[in-house]
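Close look at the chain arrangement
As a plain string of letters, each chain reads:
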Amino acid sequence: MEHVTVRGEDVPAIGLGTWQLEGEECYETVRTALDLGYRHVDTAQLYENEAAVGRAIEDSDVDREDVFLVTKVHPGNAKTEAVVESTRESLERLRTDYVDLLLLHWPRPLVSFSRTAEGFARLREEGAIRHAGVSNFRTWRLKRAVEKSPVPVFADQVRLHPFYTHRKLRQYARTTDTLVTAYSPLAHGAMVDEDVLAEIGAKYDKTAPQVALRWATQFPKVVAIPKSTDRDHLRQNMEIFDFTLTRDEHDRITRPSLLKSARLYLGNELRG
């Protein structure tokens, strides 16, 4: 496993996403991932699976302090007191005294981010969170959050894959020592049969998804949190650090297209 260093913190470059995982399926997936060597797990109040994630970590053979655990505040809980109280409830469900990173899940335009950040600051003082950040913030909104926050904005979690590349956001993150976490790095499965990824993967004896994940993690300050419930796929998602894409290959994969990104996403939704 490679790590990305941000503000002195080493974050595993590949983590486990848990969106849409519920109950025993979520529990078993997290247990399997930890058994395979994952040490970065992402959840959220909106996912309604924090209890399963917490139970899986508690029941595993991995020490809690060895897991970089992330959860996200529901945007409806963006006001200061709600941030504090809802996070305390999250900690109870997660069976832990703290999370390594707490994010605001989506912007809440009617609530100033300074009010959310006040809650983050209180939780940090209590030792309930180690770092704070945001999710689904575009570059301009991230800049405003950084200006308003009394605590460092450690990360921005965004949808990121070869057709949705967030170039400006990544550049800003690199200059401000901010982590970018790529969720849906496989575009909800649309990268599985992508031609360019498959062609490049054949050179390295890697699958198209592995190439997509390597593409993401070769960007500075970027980590990825793919989701899978299949043990073999979970293992493959970690086995991406024994090859390096050339500059030309990386550039070939980088094809920002909002239209193609939307078509891939909608097509996958229709198939699902």
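Preceding this section is the structure that the text describes.
Described in the following lines is the structure provided in the data block. Since the model is a prediction, treat every value here as computed from it, not as a measurement. (Residues numbered from 1 in each chain as written. Predicted model: local features only at pLDDT ≥ 70, side-chain atom pairs only at ≥ 80, totals over all residues. Heavy atoms only, no water.)

We now examine the overall build of the protein. Secondary structure assignment for the protein yields 11 helices and 10 strands. At 18 Å, the protein has a C-alpha radius of gyration in line with the 19 Å of a compact globule built from 272 residues. Each principal axis of the C-alpha atoms in the protein carries an extent, and together these give about 50 × 40 × 40 Å. Classification of the 272 residues of the protein by burial places 56% in the buried group. The contacts of the protein with a sequence gap of at least 6 include a subset with a gap of at least 24, amounting to 76%. For the protein, the computed accessible surface area is about 12,400 Å², with 45% contributed by carbon and sulfur atoms. Charge centroids of the protein, computed over 38 positive and 42 negative side chains, lie 9 Å from each other. (Helix = DSSP H or I, 4+ residues; strand = E, 2+ residues; numbered from the N terminus. Rg over C-alpha atoms; globule rule 2.2 N^0.38 Å. Buried < 20%, exposed > 50% of the residue type's maximum accessible area, 1.4 Å probe, protein only. Contact = heavy atoms within 4.5 Å. Areas by Shrake-Rupley, 256 points an atom, 1.4 Å probe, with all protein chains shown as cover. Lys, Arg positive; Asp, Glu negative; His and termini not counted. Charge placed at Lys NZ, Arg CZ, Asp CG, Glu CD.)

Contact geometry of helix 1 (residues 23-36) with helix 2 (residues 50-59) gives a least axis separation of 8 Å together with a crossing angle of 40°. Like other packed secondary-structure pairs, helix 1 and helix 2 cross with a definite hand, here right-handed. Along its contact with helix 1, which presents G23, E24, C26, Y27, V30, R31 and L34, the element helix 2 presents A52, V53, R55, A56, I57 and D59. (Axes fitted to C-alpha atoms, helices over the stretch in contact; angles between N-to-C directions. Left-handed = near helix turned anticlockwise from the far one by under 90°.)

Our next topic: the sheet that holds strand 6 (residues 99-104). Spatially, 8 strands are ordered 3-4-5-6-7-8-9-10 in an open sheet, and the strand pairing comes out parallel. Since the sheet does not close on itself, it has two edges, and those belong to strand 3 (16-17) and strand 10 (222-224), each with one partner. Relative to strand 6, strand 5 (residues 68-73) runs parallel, the two being bridged by 4 bridges. Residue pairing across strands places K72 opposite L103, the latter belonging to strand 6. (Pairing = 2+ DSSP bridges.)

On to the packing of aromatic side chains, then. Per the stated rule, a full pass over the model turns up 5 aromatic pairs. Aromatic side chains F68 and F154 sit 6.4 Å apart centroid to centroid with 35° between the ring planes, which places their arrangement in the tilted category. Here F68 is found in strand 5, whereas its partner F154 is found in strand 8 (residues 153-159), with 86 residues between them in sequence. For the pair formed by F68 and F154, the shared burial category is buried. Here W215 and F219 contribute two aromatic rings whose centre-to-centre distance is 5.0 Å and whose plane-to-plane angle is 85°, an arrangement assigned as edge-to-face. Exposure remark for W215: the relative accessible area of 0% places this residue in the buried category. An aromatic cluster is present here, built from F113, F120 and F137 joined pairwise through their rings. For R64, the ring lying beneath its charged end belongs to Y98, and the centroid distance is 4.2 Å. Its end group placed over the ring of F137, R141 keeps NZ or CZ at 6.0 Å from the ring centre. (Phe/Tyr/Trp six-rings, centres within 6.5 Å; stacked < 30°, edge-to-face > 60°. Lys NZ or Arg CZ within 6 Å of the ring centre and 35° of its normal.)

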